[in-house]
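Secondary and tertiary structure notes
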Amino acid sequence: MVTLEKIVNLCKRRGIIFPGSEIYGGLAGTYDYGPLGVELNRNIKEAWRREMFQLHSNIFGVDSSILMQRRVWEASGHTSAGFTDPLQECKKCHHRFRADHLTEQRIAKCPDCGGELTEPKRFNLLVETHLGPVKDDASLTYLRGETTQGIYVNYRNIKTAVRAELPFGIGQIGKAFRNEITPGHFIYRMREFEQMEMQYFVRPEEADKYFDHWKEERLKWYLALGMKKENLRFRPHAKDELAHYARAAEDIEYNFPFGWHEIEGIHNRGDWDLSRHSEFSGEDLSETDPKTDKKFYPYIIETSAGADRLTLAFLIDAYNEIVGGRTTTTKSTKDVEVVLRLHKKLAPVKVAVLPLSKKDQLIKAAKEILFDLKRAGLVTDYDDTQSIGRRYRRQDEIGTPYCITFDFESVNDQKVTVRDRDSMKQDRVAIAELSLWLKENLES
Ligand code: GAP
C-alpha cells in the first residue's frame, strides 16, 4: 500500500522535495524541489510542452509576467466573489478551515480542539503585493492566481504575430499563487505552485466539439506516460460548483491515497474572458465572421494542469514495494525494496554508472564512460560505494531505468553490463555503442 507518508519520506531522503524554509520551521503551502525533483518536475513539463507546442502546429507558447495590472484581475472576476473559498474559524483556537471541506466530512465542530465554529464567510484567494515605494491602495496589485490571464492579455499580439486563424491555441507554463485557507496533502494544495495551461480559441458553435476533443487528448497524454488507467477518471462539475467563468467543466481526477482528487481541469470558458478584457481594457478582442460580417468573441476551451500535482500523482503511481526484496538473496519478508517504475521519459536520472569495485583501473574507466554519457546529454549518476546489490537498490528507488557496471572483464572486452530497472535483465553492450544503445532504448 502506498501512503502519502511513504512518498514524503522518500522525497526528503532522496532529495526530491523538501518543505519550504525548513530550517526556520517551514512556511505552510510552500515546498522546494531538490536535485532529483528538479529533473522529474522538468521532465513532466517538457512532456507537456512537447505534446502541446511541438506536436501541434497551431498551438503557440508565451511566457507572461507574474505581475500584471490590477485591472486584469478585476476584469477576470478574480477580485470579486468568483475567486473565493468559504472560510470558518474556530472561536476558541482561531484555526481556520475550508467550510466546504468540513461539510464534505460532516464535521460541525473545530477538528483541532472541538471548539465552536463561526458562520462561513468568503475569503479571497489572490495574494496581494504592492509595487513601488509607497504601500497604499494605488500601489496594490496581485501575484497571478492563474497563468491563463497572461495568455488573454497577449491574445491580439500573438494572433497577429503568428497570423493565426481560429481554431488555435496559446499555452504557458509558470508559477501561480493562491492564499489557500488550508494548504495540505504535501504538494497537492500549495500557496505557490506551477500551472501548465493551454487556451484553445474556437468559433462558439465549435466549443462543445473541442471540449470533448481536449478531454480525450489530455487523458491519452497521462496514459501514454504510463499512468494507470484505473487511477484516472473524469468528473463533470455540477452547475452550482462551476467557476465564475465556466459554462462547462470536467476534472481529470487521480486516485490519491487520500481519495479521488483533481489533477487537471478542462473548461469551456465561453466568451467570458475576451469580452471582459475588451470591456475593461478598451481594446477590441472580438473577431469578425467573414461570411456574415458579424462580430463575435471566440469561445475558449481551457486545459489546466498543475505541474506539482502531476509530480505527486506520477510519484504515487510509480511507487512499488517488493516484499522479500529482489536484489538480495535473503528473501526475508522484513526486506522491502522500493522500485519507482516511472516512465523512462520522466525518470530524473536516466543512467547510473557503477564500477564493480574501487580499484583505480575500474574507477578511471567508469568515469570516462560517465563523462561520455554526460556529453551525450544524458542525466547520469555515479556510485562506487557499498555492494553492487545495494547500489542497484538505490537506483531502483529513484526510478533510474538503466545501471551500467564496469567490471574486470570490461577491461579486456571493452563491454559493460547494462541492467534494466523493470526486468532486471542484463545485456553486455560495447562501450563504443553505449550512448546510442541507451538513447534508442530510452526512446522505445
Ligand atoms: N485557469 C483555470 C484554473 O486555474 P483551477 O482548477 O483552479 O483552474 C487548475 O486550477 C489546476 O491547477 C488544478 O487542476 C491543479 O492541478 C492546479 N492547482 C490549482 N490550485 C492548486 C494549488 N493550490 N496547489 C497546487 N496545484 C494547484
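Residues numbered from 1 in each chain as written. Predicted model: local features only at pLDDT ≥ 70, side-chain atom pairs only at ≥ 80, totals over all residues. Heavy atoms only, no water.

Brief notes about the overall build of the chain
Applicable threshold: In this description a helix means any DSSP run of H or I spanning at least four residues, a strand means any run of E spanning at least two, and both kinds are numbered starting from the N terminus. Where accessible areas are quoted, they stem from the Shrake-Rupley method and a 1.4 Å probe; at the residue level, only the protein chains shown are allowed to cover. Neither His nor the chain ends is counted toward charge; the positive residues are Lys and Arg and the negative residues Asp and Glu. Every charge is mapped onto a representative atom, which is NZ of Lys, CZ of Arg, CG of Asp or CD of Glu.
A count of helices and strands for the chain gives 13 helices and 23 strands. When the accessible surface of the chain is summed, it comes to about 21,600 Å², and 50% of that surface belongs to carbon and sulfur atoms. Here the chain carries 67 positive and 69 negative side-chain charges, and the mean point of each set is 3 Å from the other.

Some words on the domain arrangement of the chain
The test is simple: In this entry, domain limits derive from an automatic or database-based domain assignment. Whether two residues are in contact is decided by their heavy atoms: any pair within 4.5 Å suffices. By buried area we mean how much accessible surface two parts lose on assembly, using a 1.4 Å probe and totalling the loss over both. Any carboxyl oxygen of Asp or Glu that lies within 4 Å of a side-chain nitrogen of Lys or Arg is treated as forming a salt bridge with it.
Taken domain by domain, the chain holds domain 1 (4-66 + 145-315) and domain 2 (349-443). Listed by partner, the interface residues are seven residues for domain 1 and six residues for domain 2. Taking both partners together, domain 1 and domain 2 bury about 570 Å²; carbon and sulfur atoms supply 49% of that area. When the buried area of domain 1 at its contact with domain 2 is split by residue, R14, L36 and E39 rank highest and sum to 67% of it. Joining domain 1 to domain 2, the criterion identifies two salt bridges. For R14, the salt bridge goes to E397, with nearest N and O atoms at 2.8 Å. Breaking the side of domain 1 that touches domain 2 down by element, the ones donating at least two residues are helix 1 (4-13) and helix 2 (35-54). Take the side of domain 1 that touches domain 2: its biggest share by element is four residues, from helix 2.

Digging into a nonpolar patch on the surface
For the record, the criterion: Two distance rules govern patches: like charges are joined within 9 Å, and nonpolar side chains (Val, Leu, Ile, Met, Phe, Trp, Tyr) within 5 Å, applied only to residues with over 30% relative accessible area and no salt bridge.
On the surface, a nonpolar cluster with roughly 220 Å² of combined accessible area is contributed by I66, L67 and L131. When you line up the elements, L131 lands in the loop between strand 7 (127-130) and strand 8 (140-143).

Structural notes on the state of the cysteines
To be explicit about the condition: Cysteine sulfur atoms are paired as a disulfide whenever they fall within 2.5 Å. Note on classification: 1.4 Å probe, protein chains only; a residue is buried when its accessible area is under 20% of the maximum for its type, exposed when over 50%, partly exposed between these limits.
Applying the stated criterion across every chain, the model contains zero disulfides. Looking at the unpaired C113, the closest cysteine sulfur is the one in C90, lying at 3.6 Å. For C113, a relative accessible area of 32% gives the class partly exposed. Of all cysteine sulfurs in the structure, the one in C11 sits closest to C403, which takes part in no disulfide; the separation is 20 Å.

Digging into the sheet that holds strand 12 (residues 248-256)
Our working rule: Only when DSSP finds a minimum of two bridges between them are two strands counted as paired. A fitted line through C-alpha atoms serves as each axis, taken over the contacting stretch for helices, and the angle formed by two N-to-C directions is quoted from 0 to 180°.
Ordered by their spatial adjacency, seven strands build an open sheet running 3-9-10-16-13-12-11, and the pairing between neighbours is mixed. Here the strands that pair on one side only, and so sit at the sheet edges, are strand 3 (59-61) and strand 11 (232-236). Strand-to-strand, the axes of this sheet are offset by a mean angle of 25 degrees, without reference to chain direction. Bridge count for strand 9 (residues 168-177) against strand 10 (residues 192-202) is 10 bridges, and the pairing is antiparallel. Across the sheet, Q172 pairs through a bridge with E197, a residue of strand 10. Of the strands in this sheet, strand 3, strand 9, strand 10 and strand 16 (299-306) touch helix 2, which is tilted by about 5 degrees from strand 10. Seen against the sheet, helix 7 (residues 207-224) touches strand 3, strand 10, strand 11, strand 12, strand 13 (259-268) and strand 16 and runs at an angle of roughly 140 degrees to strand 13.

Description of the packing of aromatic side chains
Test applied: Two aromatic rings from Phe, Tyr or Trp, using only the six-membered ring of Trp, form a pair when their centres are within 6.5 Å; if the ring planes differ by under 30 degrees the pair is stacked, by over 60 it is edge-to-face, and anything between is tilted. Definition used: whenever NZ (Lys) or CZ (Arg) falls within 6 Å of the ring centre and also within 35 degrees of the ring normal, the charge is taken to sit over that ring.
Evaluated as defined, the whole model comprises 17 aromatic pairs. Ring-pair connections join several aromatic residues into one group, and the members of that group are F60, Y152, Y155, F168 and F201. Lying over the aromatic face of W221, R218 brings its terminal NZ or CZ to 4.5 Å of the ring centre.

Description of the site of the ligand
This is how the line gets drawn: If even one non-hydrogen atom of a residue comes within 4 Å of a molecule or strand, that residue is called near it. For the purposes of these results, a polar contact is taken to be a pair of N or O atoms within 3.5 Å, where, inside protein, one atom must be able to donate a hydrogen and its partner to accept one; residues adjacent in sequence count only when each atom of the pair is a side-chain atom. Just so you know the grouping, Ala, Val, Leu, Ile, Met, Phe, Trp, Tyr, Cys and Pro go in nonpolar, Asp, Glu, Lys and Arg go in charged, and all remaining residues, Gly too, go in polar.
The full set close to the ligand counts 22 residues, and E146, R178, M190, E197 and E262 are the nearest of them. The separation between a nitrogen atom of the ligand and a polar side-chain atom of E197 is 2.6 Å. Between a nitrogen atom of the ligand and a side-chain N or O atom of E302, the distance comes to 2.8 Å. When the ligand sits alone it has 560 Å² of accessible area, and the protein chains cover 93% of it. Elements supplying a minimum of two residues to the shell around the ligand: strand 10, strand 13 and strand 16. It is strand 13 that provides the largest number of residues to the shell around the ligand, a total of five residues. Each residue belonging to the shell around the ligand can be placed in one class, and the counts come to six nonpolar, six polar and 10 charged.

Re the sheet that holds strand 21 (residues 402-406)
Ordered by their spatial adjacency, five strands build an open sheet running 20-19-21-22-23, and the pairing between neighbours is mixed. Strands at the two margins of the open sheet, each flanked by one partner only, are strand 20 (380-382) and strand 23 (426-430). Taking each pair of neighbouring strands and ignoring which way they run, the sheet shows an average axis angle of 25 degrees. Here strand 22 (residues 415-420) runs beside strand 23; their pairing, made up of five bridges, is antiparallel. By the bridge assignment, K415 is partnered in strand 23 with A430. Each of strand 19 (351-355), strand 20, strand 21, strand 22 and strand 23 touches helix 11 (residues 388-398); the most contacted strand, strand 19, lies at about 170 degrees to it. Helix 13 (residues 434-443) contacts strand 19, strand 21, strand 22 and strand 23 of the sheet and is inclined by roughly 160 degrees relative to strand 21.

Some remarks on the nonpolar core
The cut-off we apply is this: Among buried residues, those of type Ala, Val, Leu, Ile, Met, Phe, Trp, Tyr and Cys that are joined through side-chain atoms within 4.5 Å constitute a nonpolar core.
Within the largest apolar cluster, 57 residues are counted, with the highest numbers of intra-cluster contacts made by W214, Y222, F256, I263, L310, L312 and F314. Ranked by the residues each element gives to this core, the list is headed by helix 9 (residues 307-318), at eight residues. The contact partners of L310, leaving out residues within four places of it in the chain, are I44, M196, W221, Y222, I263 and A305. Core analysis: the second largest hydrophobic core is formed by 20 residues, L378, Y402, V429 and L442 among them.

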